[in-house]
Amino acid sequence: MKVLFIIPNFDSYVMAPPLGVLYISSYIKKYSNASVVIIDALRDNLTYDQIIETVNKENPDIIGIHCLTAFYNQAVSISKKIKEIQNKNYITYLGGVHPTFMPYTTLKDSKADFVVLGEGEIPLKKILDNNLNYHNIQGVYSINDLKDDEFQINGDPVKKAETVMDLDSIPFPDWQMLPPDTYPHSPHAVIARGNPIGIVMTSRGCPSRCTFCSSNNFYKGIRQRSVSNVIEEVKYQINNLGIKELQFTDDNLTFNRNYIIELCNALLENNIKIDWSTPNGVRADRVDKELLALMKKSGCYLIDFGIESANNQILKNIRKGETIEQIDNSINIAHEMGMITQGNFIFGLPGETKETMQETINYAVKSKLDRAGFFALRLLPGSDLSRQLKEKYTLDYSHSFISKPDWLPDNLSEKDILRTIQKVYWKFYFRPKRLWNLLNDIPISQTKYILKCMVNYHLFKLW
Ligand code: B12
Ligand code: SF4
């Protein structure tokens with residue numbers, strides 16, 4: 001059987017190998033003996049026509065399209081175009097975070113045969129084993145099975161697919177299909193030390209309950225690979241893929257203190273000398289002086305914190321479970337250790353006012369952060385916040401994912417939020433030391449991405 005996966009193309013300055021599809025690929029190659037083709041239309045900047053041309057050339061038995069909210073329009077368009085190919089009826093489906101939480105709407109818009117809710121390894125293996133019969137498999141739904149995005153026709157709530165409990169039993173991502181050196185320099189963190197970058201996830205899931213995030217509802221709980229399995233992959237990536245930097249992209253890398261200690265010690269014991277970073281962010285309440293020292297010693301040069309707001313009431317409103325004092329303390333320790341510190345903030349969260357936005361600006365500017373990202377709130381399907389505000393917003397897929405908030409707190413306009421983001425970027429980076437360090441760190445190859453990023457954030461817009 002031949003499976004073809006498609007990563008849609010969309011207007012984005014961030015791009016990385018699609019780990020989820022690479023995991024499904026290696027899993028079904030091992031357990032179902034299928035052959036796999038992957039079209040990364042984002043990396044290769046492919047048009048719809050070019051995608052369809054490859055589909056026809058490959059003539060697969062089944063086609064899976066990756067779908068996040070950021071490229072929903074593109075994912076459903078590809079699906080429709082495939083279904084319109086004359087004299088063919090390719091079995092087409094969508095998987096990923098967006099269809100998991102909006103299965104009915106996705107099926108209606110895409111005309112796909114089915115969607116997969118949750119993790120894609122087991123359902124696809126079952127479909128291949130069943131000779132492409134996709135009915136009666138947990139987490140797999142066709143339009144006729146569903147009443148709306150939450151319920152089946154018979155009134156039962158929708159269910160996610162069965163998950164692989166022992167993550168070590170999934171082979172390493174199928175890196176040969178999309179090697180790291182075929183991706184542009186450091187799109188994830190925009191600036192990185194080494195290229196190519198090796199992306200590694202040690203776990204799936206996050207037990208925290210931040211209301212703006214969908215990861216906690218996608219996975220429920222956390223599963224971790226064994227440290228020895230992770231170390232084996234790190235060695236493989238260094239020796240076979242030539243990676244020069246390692247990025248751990250877990251949702252909550254430091255959640256389990258014993259685990260991260262074991263991982264750092266294993267990097268040291270195995271004499272693995274590579275710069276590593278956590279561009280996705282770790283929780284500030286899950287690190288301390290002793291742990292940060294060990295992380296630094298084992299090669300961690302950049303640590304990112306999810307900060308969101310400097311106002312403690314807002315942190316409470318979004319169930320962050322941390323105070324700004326705790327966060328600041330961890331940033332200061334990481335800074336003292338000599339790590340590059342990076343933080344992410346969101347403007348327009350529940351409870352936000354002009355005053356709280358100013359509080360966040362003041363904090364960010366005076367903090368020991370070397371780099372920061374400032375975002376407008378997007379309501380991600382699957383997040384508790386999107387449920388709480390259900391009646392108060394409509395998702396607009398037509399604009400860049402970062403250029404507009406989906407919902408506005410009372411007394412704030414879209415312009416207030418976007419101008420604040422513009423202001424804080426200029427104020428944050430126009431400090432002699434920060435600017436100097438940043439300019440020294442930006443590789444020439446990244447200038448194109450930085451400029452795109454600056455345009456997306458309206459940094460040049462005159463209001
Ligand atoms: C690393 C990461 C990135 C990386 C790589 C993203 C990528 N394309 O893989 C980068 C930095 C590029 C990135 C960018 C963005 N990201 Co991101 N990212 C993540 C993160 C932390 C891990 C992704 C990952 O590798 N997961 C591990 C694998 C195993 O899981 P997976 O990808 O979901 O795949 C599994 C299932 O979804 C399913 N599946 C996936 N694809 C498919 C396809 C088919 C056909 C099938 C059947 C199944 C299937 O099976 C897979 C294996 O079990 C996730 C959070 C998370 N924990 O997943 C956020 C997450 C995916 N990102 C998110 C967002 C918002 C973004 C951005 C839009 C941010 C921005 N403002 O620009 C961009 C999107 C741009 C892009 N190119 O994708 C949201 C998406 C929410 C949503 N509703 O769509 C998430 C869920 C985080 C969150 N806040 O909740 N991201
Ligand atoms: S924002 Fe981070 S810590 Fe909070 S639930 Fe999501 S992944 Fe976990």
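Look above for the structure.
Heads up: these notes are all about the structure in this document.

How each quantity is defined
- Residues numbered from 1 in each chain as written.
- Chains lettered and ligands numbered in written order.
- Predicted model: local features only at pLDDT ≥ 70, side-chain atom pairs only at ≥ 80, totals over all residues.
- Core = buried A, V, L, I, M, F, W, Y, C linked by C-beta atoms within 7 Å.
- Buried ≥ 20, exposed ≤ 12 C-beta atoms within 10 Å, placed from the backbone.
- Contact = placed C-beta atoms within 7 Å.
- Pairing = 2+ DSSP bridges.
- Helix = DSSP H or I, 4+ residues; strand = E, 2+ residues; numbered from the N terminus.
- Axes fitted to C-alpha atoms, helices over the stretch in contact; angles between N-to-C directions.
- Near = placed C-beta within 6 Å.
- Nonpolar A, V, L, I, M, F, W, Y, C, P; charged D, E, K, R; others polar.
- Expected span 1.5 Å × (residues − 1).
- Domains from an automatic or database assignment.

The next subject is the nonpolar core. Across soluble globular proteins, you tend to see nonpolar side chains buried next to one another. In terms of nonpolar packing, the biggest core is built from 62 residues, with Val 200, Phe 212, Ile 303, Phe 305, Phe 347, Leu 377 and Ile 421 touching the most fellow members. Those residues in contact with Phe 305, other than ones at most four positions away along the chain, are Gly 281, Val 282, Ala 284, Ile 327, Ser 330, Ile 331 and Gly 343. One finds Tyr 23, Tyr 27, Ile 28 and Val 115 within the second-largest nonpolar core, a separate group that totals 49 residues.

Quick look at the sheet that holds strand 10 (residues 245–248) now. On the basis of which strands lie adjacent, the open sheet formed by 6 strands has the order 7-10-11-12-13-14 and parallel pairing. Two strands close off the open sheet at either side, each with one partner strand: strand 7 (197–200) and strand 14 (371–376). For this sheet, the mean angle separating the axes of adjacent strands, direction not counted, is 15°. As paired elements, strand 10 and strand 11 (residues 275–282) share 3 bridges and run parallel to each other. By the bridge assignment for strand 11, Leu 246 is matched with Trp 276. Set on the sheet, helix 12 (residues 324–336) makes contact with strand 12 (300–308) and strand 13 (340–347); between it and strand 12 the angle comes to about 165°.

Around ligand 2 lies a shell formed by Cys 206, Ser 208, Cys 210, Cys 213, Ser 215, Asn 216, Asp 251, Asn 252, Arg 283 and Gly 306. Grouping the amino acids of the shell around ligand 2 by side-chain chemistry returns 3 nonpolar, 5 polar and 2 charged.

With 12 residues, helix 3 (residues 72–83) ought to run about 16 Å at 1.5 Å a step, and its terminal C-alpha atoms sit 17 Å apart, in line with that. What helix 3 keeps buried is the set Tyr 72, Gln 74, Ala 75, Val 76, Ile 78, Ser 79 and Ile 82. Considering only its buried residues, helix 3 is in contact with strand 1 (2–7), helix 2 (48–58), strand 3 (62–66), strand 4 (91–95), helix 4 (97–101) and helix 5 (103–110).

Surveying the vicinity of ligand 1 reveals 38 residues, the closest of which are Gly 20, Gly 64, Gly 95, Glu 119 and Gly 120. Looking at the shell around ligand 1, the element that brings in the most residues is helix 1 (residues 19–32), giving 5 residues. In terms of residue class, the shell around ligand 1 is made up of 21 nonpolar, 14 polar and 3 charged. Domain assignment of the residues forming the shell around ligand 1 places at least three in each of domain 1 (2–145) and domain 2 (183–456).

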